[in-house]
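Overview (structure and organization)
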Amino acid sequence: MREVPIPSELVNRLRHARQVAVLTGAGVSAESGVPTFREAQTGLWAQYDPQELATPEAFRRNPKLVWEWYAWRQERIRQAEPHAGHRALVTMEQQIPEFSLITQNVDGLHRRAGSHQLVELHGNIFRAKCFSEDRPVENWSDDGEIPPRCPRCGGLLRPDVVWFGEALPAAALHTAQHAARTTEIFFSIGTSTLVYPAADLPFVALGLGATVVEINPQPTPLSPHVTFSLTGAAGEILPALVNQTWEAA
Ligand code: BJW
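Let us look at the structure shown here. (Residues numbered from 1 in each chain as written. Predicted model: local features only at pLDDT ≥ 70, side-chain atom pairs only at ≥ 80, totals over all residues. Heavy atoms only, no water.)

**Some remarks on the nonpolar core**
If you look at the biggest cluster of nonpolar residues, it comprises 30 residues, and the most contacted ones within it are V20, M92 and F187. Looking at this core, the elements with two or more residues in it are α1 (8–16), β1 (19–24), α6 (84–95), β2 (98–103), β7 (185–189), β8 (211–215), β9 (228–230) and α10 (234–247). Sorting elements by how many residues they give to this core places α10 first, with seven residues. When near neighbours in sequence (up to four residues on either side) are disregarded, M92 contacts L14, V20, V22, F99, F187, L238, L241, V242 and W246. Counting 20 residues, the second largest nonpolar core, distinct from the first, contains A176, A179, A210 and L222. (Core = buried A, V, L, I, M, F, W, Y, C linked by side-chain atoms within 4.5 Å. Buried < 20%, exposed > 50% of the residue type's maximum accessible area, 1.4 Å probe, protein only. Helix = DSSP H or I, 4+ residues; strand = E, 2+ residues; numbered from the N terminus. Contact = heavy atoms within 4.5 Å.)

Written as structure tokens, this is what we have:
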């Protein structure tokens, strides 16, 4: 395995930290084979812009198309497995007394890896809710209609994710903002820092004096401001960071 250089000052700060908050985005799932949100889609879906499908307007216009897009993505995610970067975050949770993992990912890979202190800011692709009542629905009859109907009101079901223009789940956003305001170290990993309000979280932490660390192969609007920038893949850098922090202690 390639030796990944981690600044010793970061290792030292992490070893002594009581509070750590981590924000993850699609780049963390990329190495599990789940394409990033803005990555070109393949096959039948190549002609659609994801930003045009992940909206309530798109669902109103063509609910079948949007439901089928999510069914296709669910299938890809079922075939994916968490990687060494996901597992390194589980180890970090076990080492840090107050730890929060705030994810924008809807694929559930962090939970499958074993993370518990998890905040899902943009929902979860494997849950459904009623588009009319905005209430979770766990069971419905599969009579072939796409999308299926809500067993309570007959409205259309939709994936329980947050689309553009929709409010984030209030409790999740509140927990994430609290973590960003109180943490000593904030990690921003595999996110383009373009989508709000999640993109604000590292800036809130920075403004209150936290150490902010970015892990990403590409620069983002956050990059010029961070305390440490680790340029590269999460699946390579996170295991190296965790090994150098706790196994070499
Ligand atoms: C690697 C890697 C490797 C690759 N290792 N890294 C302020 C200013 C401007 C606009 C707004 C604003 N506030 C709100 C808005 C509007 C809008 C918004 O932010 N628009 C921007 C595009 C400008 N925000 C909203 O609409 C939000 N709602 C809202 O604000 O509501 C207000 C309201 C209040 C009260 C009542 C009503 C309304 C909602 C945002 C919801 C976002 N939803 C999505 C879809 C989820 C469902 C689905 O998946 O289909 O969430 S959009 C999409 O973007 C998805 C992601 O979670 C999210 C973030 O993307 P992410 O994770 O950053 O991925 P990418 O692809 O952008 O980047 C990947 C990164 O990984 C890259 O940097 C790579 O380099 C890197 N990478 N390989 C590490 N191996």
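**Considering the pairing of strand β4 (residues 123–130)**
Among the eight residues in β4, six count as buried, and that is most of the element. Looking at chain direction, β4 and strand β6 (residues 157–161) are connected through five bridges and run antiparallel. Across the sheet, the residue bridging to K129 is R158, located in β6. In terms of strand pairing, β4 meets strand β5 (residues 136–137) through two bridges, oriented antiparallel. (Pairing = 2+ DSSP bridges.)

**A look at the site of the ligand**
Of all residues adjacent to the ligand, which total 32 residues, the nearest are R38, Y70, R73, G165 and S192. Measuring from an oxygen atom of the ligand, one finds a side-chain N or O atom of R73 at 2.7 Å. Here the ligand, which alone exposes 1500 Å², has 72% of that area covered by the protein. According to the grid-proximity analysis, the pocket containing the ligand is the largest pocket. Of all the secondary structure elements, the ones that give two or more residues to the shell around the ligand are α2 (26–30) and α5 (63–78). Taken together, the residues that form the shell around the ligand break down as 17 nonpolar, 11 polar and four charged. If you count residues domain by domain, the shell around the ligand takes at least three from each of domain 1 (1–34 + 82–122 + 168–248) and domain 2 (35–79 + 127–161). (Near = heavy atom within 4 Å. Polar contact = N/O pair within 3.5 Å; in protein donor to acceptor, adjacent residues only side chain to side chain. Areas by Shrake-Rupley, 256 points an atom, 1.4 Å probe, with all protein chains shown as cover. 1 Å grid on protein atoms, 1.4 Å probe; cavity = no way out; pocket = protein on both sides within 12 Å on 5 of 7 lines; lining within 4 Å. Sits in = over half its atoms within 2 Å of the grid points. Nonpolar A, V, L, I, M, F, W, Y, C, P; charged D, E, K, R; others polar. Domains from an automatic or database assignment.)

**Describing the layout of surface pockets**
In this structure, the largest pocket spans a volume of roughly 1000 Å³. For the lining of the largest pocket, the secondary-structure elements that each account for two or more residues are α2 and α5. For the lining of the largest pocket, the element with the most residues is α5, which contributes six residues. Residue composition of the lining of the largest pocket, by class: 26 nonpolar, 16 polar and seven charged. (Points joined across faces, edges and corners; volume = space filled by probe spheres on them.)

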